[in-house]
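A structural walkthrough
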Amino acid sequence: MAVKTATRLTLARRPRRLRRTGAIRSLVRETHLRPDCFIYPLFVCDGRGVRRDIQSMPGVQQLSVDEAVKEAVAAHTDGVPGVLLFGLPPSKDAAGTLASDPEGPVQSAVRGIKQEAPDVIVITDVCLCEYTSHGHCGILDGEEIVNDATVAQLVQVALSHALAGADFVAPSDMMDGRVAAIRQALDERGFERVGIMSYAAKYCSAFYGPFREAADSAPQFGDRRSHQMDPANVDEALREVELDLAEGADIVMVKPALTYLDVIAKVKQRFHQPTAAYHVSGEYAMLKAAAANGWIDERRAMMETLTAIRRAGADIIITYYAREAARLLASR
Ligand code: PBG
């Protein structure tokens, strides 16, 4: 049926003109996802040939060093430029001593990846929570984490990662002054080429739940509120980022991502520095669970989520979806 002339509006601006075809939409698209902004987290354990499923993170596994090397190379082949390594030590103690073991899973995986595929960007998580028997991120006095003694320990961890060949160390502990201490120690030992990606604005979040199963790092008592940030704060995030940059951070991170898109945007706009966002375990698990129930289209939800994080201002996205998203982008 022909449209009656009388029903026509006189409009100078018709935004739908720019949405009419795929080619036009692509022409005016403002945000582009590229595999080279993805970093892929890996959980490395002892043994050989181990691939252990993590129940709350479908598709993610604990990997022995040999398998982690294969996974990093496979991700690189998919177009993912780098990995972020977490370690599961064979045993734990109150001080998290094994975190700086030169033969630990992380240190061994760094060496293995660098030997097999030197171009892979290897970033290592620097924290004690996976290595302490109590699951806290530092050394305790009673139930309190002692800041400066913890920093001294973290420096040793970072040095062991640098010695193994890491490109970046990523302190996730949220102790005060750790970036400066790590920077100074790296420089004194001749590791000025090793960078620091600091978890600068890391919130005390419920969305780390599945990670704590994956990394066996749940605190045995209490919580992480004495060092991780209050979800209600944003000025404080900017102060944390400013401090870490002044102390020598090369890349600053906001974590989690989805519930802190405003923080990502402000950090990027204020400092104009390389900014990473961590799409954390709980955010991944929510999508996986909804998809498994048939409640959302996982691929679309994944791409929409990653696009939103980029649109907010993240240059780098750390995500368990890195390989899947990279493969999907390559197939388009
Ligand atoms: C601490 C650390 C955590 C995560 C990254 N580094 C957990 C925590 O602070 O309890 C969480 C990452 C995720 O949930 O995907 N080493």
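Our subject is the structure listed above.
Read on for a plain summary of the structure.

What counts and what doesn't
The numbering scheme is per chain: residues are counted from 1 as the chain's sequence reads. At least 70 in pLDDT is required for a residue's local features to be given in this predicted model, at least 80 for side-chain atom pairs to be given and counted, and no such filter applies to totals for whole chains, interfaces and linings, which use all residues. Side-chain measures here rest on the full set of heavy atoms in the structure, leaving out hydrogens and waters. For helices the rule is a DSSP run of H or I covering at least 4 residues; for strands it is a run of E covering at least 2, with both sets numbered from the N terminus onward. The contact criterion used throughout is that any non-hydrogen atoms of two residues lie within 4.5 Å. For every element, the axis is a line fit to its C-alpha atoms; helices are fit only across the contacting stretch, and the angle between N-to-C directions ranges from 0 to 180 degrees. Note on terminology: angles under 35 degrees are roughly parallel, angles over 145 are roughly antiparallel, angles of 65 to 115 are roughly perpendicular, and the others are oblique. Crossing handedness is defined as follows: a turn of the near helix away from the far one that is anticlockwise and smaller than a right angle gives a left-handed crossing, while the clockwise case is right-handed. Amino acids are sorted into nonpolar (Ala, Val, Leu, Ile, Met, Phe, Trp, Tyr, Cys and Pro), charged (Asp, Glu, Lys and Arg) and polar (every other residue, Gly among them). Nearness here has a simple test: a residue counts as near a molecule or strand if at least one of its heavy atoms is within 4 Å of that partner. Here a polar contact is recorded for every N or O atom pair within 3.5 Å, except that within protein the pair must consist of a potential hydrogen donor and a potential acceptor, and residues adjacent in sequence are included only if both atoms are side-chain atoms. Methods summary: accessible areas were calculated by the Shrake-Rupley approach with a probe of 1.4 Å, and residue burial reflects only the protein chains presented. In this analysis a 1.4 Å probe is tested at points of a 1 Å grid over the protein atoms alone, and where it fits but cannot get out there is a cavity; an open set with protein on both sides within 12 Å along at least five of seven lines is a pocket; lining residues have an atom within 4 Å of a point. If over half the atoms of a molecule are within 2 Å of the grid points of a cavity or pocket, the molecule is regarded as sitting in it. What we call a nonpolar core is a set of buried Ala, Val, Leu, Ile, Met, Phe, Trp, Tyr and Cys residues that are connected through their side-chain atoms within 4.5 Å. Relative accessibility decides the category of a residue: with a 1.4 Å probe and only protein chains considered, values under 20% of the type maximum give buried, values over 50% give exposed, and everything between is partly exposed. Being paired, for any two strands, means DSSP has found at least two bridges between them. Consider the strands pointing away from the viewer: the crossover is right-handed when the path from the first strand over the helix to the second runs clockwise. Grid points are joined across faces, edges and corners, and a volume is the space filled by probe spheres set on the points.

1. Some remarks on the environment of Gln228
Its place among the elements puts Gln228 in the loop between α6 (209-214) and α7 (235-247). Expressed as a C-alpha distance, the spacing of Gln228 and Met175, which sit 53 residues apart in the sequence, is 8.8 Å. Once you skip the residues sitting within four places of it in the chain, Gln228 turns out to touch Met174, Lys202, Tyr203, Cys204, Ser205, Tyr208 and Arg212.

2. Re the packing of helix α3 (residues 105-116) against helix α4 (residues 147-164)
Orientation of α3 relative to α4, taken along the N-to-C sense of each, is 25°, at an axis distance of 8 Å. Compared by their axis directions, α3 and α4 come out roughly parallel. The interaxial crossing formed by α3 with α4 has right-handed handedness. Taken together, the residues of α4 that come into contact with α3 (itself represented by Val106, Gln107, Val110 and Arg111) are Ser160, His161 and Ala164. Across the contact of α3 with α4, the residue classes tally to three nonpolar, three polar and one charged.

3. Remarks on the site of the ligand
Taken together, the neighbourhood of the ligand is formed by 18 residues, with Lys202, Arg212, Lys255, Ser281 and Tyr320 sitting nearest. Take Asp125: an N or O atom from its side chain is 3.3 Å from a nitrogen atom of the ligand. At 2.9 Å from an oxygen atom of the ligand is found a side-chain nitrogen or oxygen belonging to Arg224. Taking 410 Å² as the accessible area of the ligand by itself, protein coverage stands at 100%. Mapping the ligand onto the cavity grids shows that it belongs to the largest cavity.

4. Side note on the nonpolar core
One broad trend across soluble globular proteins is that nonpolar side chains are buried collectively. Ranked by internal contacts, the top residues of the largest apolar core, which has 105 residues, are Phe38, Phe43, Val83, Leu84, Leu85, Leu186 and Tyr278. No other element matches α4, which puts eight residues into this core. Among residues more than four places away in sequence, those in contact with Leu85 are Leu42, Val44, Val106, Ala109, Val110, Ile113, Val122, Ile123, Thr124 and Asp125.

5. Quick notes on the pairing of strand β4 (residues 82-87)
The element β4 is largely enclosed, with a buried count of six among its six residues. Taking every second residue as pointing to the same face, both faces of β4 are buried, with Gly82, Leu84 and Phe86 on one and Val83, Leu85 and Gly87 on the other. Inspection of the sheet shows strand β1 (residues 38-45) paired to β4 by six bridges, in the parallel sense. By the bridge assignment for β4, Pro41 is matched with Leu84. Bridging between β4 and strand β5 (residues 121-126) involves four bridges; their strand directions are parallel. Considered in β5, the bridge of Leu85 is made with Thr124. After leaving β4, the chain enters α3 and then returns to the sheet as β5, a path that is right-handed.

6. Comments concerning empty space enclosed by the protein
Summed over all chains, the structure comprises three cavities of 30 Å³ or more. By volume, the largest cavity amounts to about 100 Å³. In this structure, the largest cavity is lined by 14 residues; those nearest its centre are Cys129, Lys202, Phe211, Arg224 and Lys255. Residues belonging to the lining of the largest cavity are distributed by class as follows: six nonpolar, two polar and six charged. Quantified by volume, the second largest cavity comes out at close to 40 Å³. Surrounding the second largest cavity, Pro89, Pro90, Leu98, Ala99, Asp101, Gly104, Pro105, Gln107 and Tyr131 form its lining.

Note that all results are geometric; they support no functional claim without further evidence.
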